[in-house]
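The chain contents come next:
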Amino acid sequence: MDLSPSLPNALTWTFVAALALATATRFWLALRQMRHVAAHRAAVPAPFSDAIPLRDHQKAADYTLVKARFGMLFVFVEALLALWLTVGGLIQALSDVCGLWLAPGSLLHGTALLLSIFLVQGLVGLPLTAYRIFVIEERFGFNRMTVGLFVADLVKQTLVGLVLGVPLLLALLWLMEQAGAYWWLYAWVVVVAFTLFMQMLVPTVIMPLFNKFTPLPDGDLKAKVAALLERTGFRTKGLFVMDGSKRSSHGNAFFAGFGRAKRIVLFDTLVSRLQPAEVEAVLAHELGHYKLHHIVKGMLITSAMGFVMLPVLGPVLDGPWFYRGLGVQDQSAAAALALLLIVLS
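Now for a look at the structure at hand. The structure presented is a predicted model; accordingly, all values stated were derived computationally and were not measured. (Residues numbered from 1 in each chain as written. Predicted model: local features only at pLDDT ≥ 70, side-chain atom pairs only at ≥ 80, totals over all residues. Heavy atoms only, no water.)

The number of helices and strands found in the protein chain is 12 helices and 4 strands. Taking the principal axes of the C-alpha coordinates as reference, the protein chain spans close to 70 × 45 × 40 Å. By residue count, 39% of the 345 residues in the protein chain fall in the buried class. Put simply, 69% of the contacts in the protein chain that link residues at least 6 apart link residues at least 24 apart. Split by element, the accessible area of the protein chain, about 19,400 Å² in all, is 69% carbon and sulfur. Taking the average location of the 27 positive side-chain charges in the protein chain and that of its 20 negative ones, the two points are 6 Å from each other. (Helix = DSSP H or I, 4+ residues; strand = E, 2+ residues; numbered from the N terminus. Buried < 20%, exposed > 50% of the residue type's maximum accessible area, 1.4 Å probe, protein only. Contact = heavy atoms within 4.5 Å. Areas by Shrake-Rupley, 256 points an atom, 1.4 Å probe, with all protein chains shown as cover. Lys, Arg positive; Asp, Glu negative; His and termini not counted. Charge placed at Lys NZ, Arg CZ, Asp CG, Glu CD.)

Okay, the environment of Phe 213 next. Structurally, Phe 213 is set in strand E1 (residues 213–215). Once the C-alpha coordinates of Phe 213 and Val 241 are considered, the two residues, 28 residues apart in sequence, prove to be 5.6 Å apart. Excluding residues within four positions of it along the chain, Phe 213 makes contact with Met 207, Pro 208, Phe 240, Val 241, Met 242 and Val 265.

A word on the sheet that holds strand E2 (residues 239–242). Strand order in the open sheet formed by 4 strands is E1-E2-E4-E3, and the pairing between neighbours is mixed. This sheet does not close on itself; its edge strands, each paired only once, are E1 and strand E3 (253–256). Neighbour-to-neighbour, the strand axes of the sheet open up by a mean angle of 35°, direction not taken into account. Note: E2 against strand E4 (residues 263–267), 4 bridges, orientation parallel. Bridge pairing links Leu 239 to Ile 264 in E4. Of the strands in this sheet, E3 and E4 are in contact with helix H9 (residues 276–291), which crosses E3 at around 35°. (Pairing = 2+ DSSP bridges. Axes fitted to C-alpha atoms, helices over the stretch in contact; angles between N-to-C directions.)

For the coordinates displayed, the defined rule picks out 6 salt bridges. Here Lys 222 and Asp 218 are joined by a salt bridge, their closest N and O atoms 3.1 Å apart. Its relative accessible area of 28% is what places Lys 222 among the partly exposed residues. (Salt bridge = Lys/Arg side-chain N within 4 Å of Asp/Glu carboxyl O.)

Attention now goes to the packing of aromatic side chains. A full pass over the atoms with the stated rule returns 9 aromatic pairs. A ring pair is formed by Phe 70 and Tyr 131, whose centres lie 5.8 Å apart and whose planes are at 20°; its orientation type is stacked. With Phe 70 in helix H2 (residues 54–85) and Tyr 131 in helix H4 (residues 107–139), this pair connects stretches of sequence that are 61 residues apart. A relative accessible area of 12% means that Phe 70 is categorised as buried. Here Phe 322 and Tyr 323 contribute two aromatic rings whose centre-to-centre distance is 5.8 Å and whose plane-to-plane angle is 85°, an arrangement assigned as edge-to-face. Residue Phe 322 shares its accessibility class with Tyr 323, and that shared class is buried. Over the ring of Phe 142 we find Lys 59, and its NZ or CZ is 5.3 Å from the ring centre. For the cation-ring pair, Lys 156 lies above Phe 210, with the distance from its terminal atom to the ring centre recorded as 5.8 Å. (Phe/Tyr/Trp six-rings, centres within 6.5 Å; stacked < 30°, edge-to-face > 60°. Lys NZ or Arg CZ within 6 Å of the ring centre and 35° of its normal.)

Here is the structure:
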């Protein structure tokens, strides 16, 4: 362990300034949106005045304002956590704790460090998530989540994250330490392959762990959806209805999967509340994402960002200035990866 003190440097002040600017910008955008919603709360927009009652419009505005204020709190907590993890020394403290039972610098130590950081982030966000569901959503009549289901979801999410995430972290850390100068290229290939694998795994294996999916029954709705898919040239593995009502009364529709594994999913709340023509309109919006290749473009952009980001880790892996400026004394691949993710965000 390197016991030399961690002192502020140019990177420290640059990071703090960038974090403050990003947080202030997000606050400004939220306030701007809130002012606009509040200014137009008193009247339904003219194109919808015949379809939406004023009471429903005002409820939607109030819901938006409450969520926006809560989002500002979340941004503030997120910024404080970033400071605590870095210049506040929490990453170093977690590394020291992991070093009590795992060899510092080892793959297991690095994986434990990253998992402990994710754990802290999850624990900090847990009360906020619970408040959003059981206070805000409950206040506006949307919540159907029980405490038992909330806990069950949390346990499942944690287990799925460990089963899928630990092997990925081990592979990345091993490549960073053992694969030579082009480790970043191999790591990038692994991340892209993992992303594609998840696109196929999520709709068929992971999502059924949390929700029940049943084929859309024959009828007017299925006929309209089939005709819409035929007109747009969208081929799917199936049309399914998801029991979203056991968690929320919100209605939604989405595509899941990639390639031959893609499927269309309608929330049961959507199917029960809207007429077939209205569901068709909602689905047409989602099909717009497909026709404009938003999913593929998003994956390409993410992959390109990773291709640019990972080589940046090379110079900083052996640069004490990077670790010292962000509150870390022990140089390691895991610490560099964690710090880079926090800084770039």
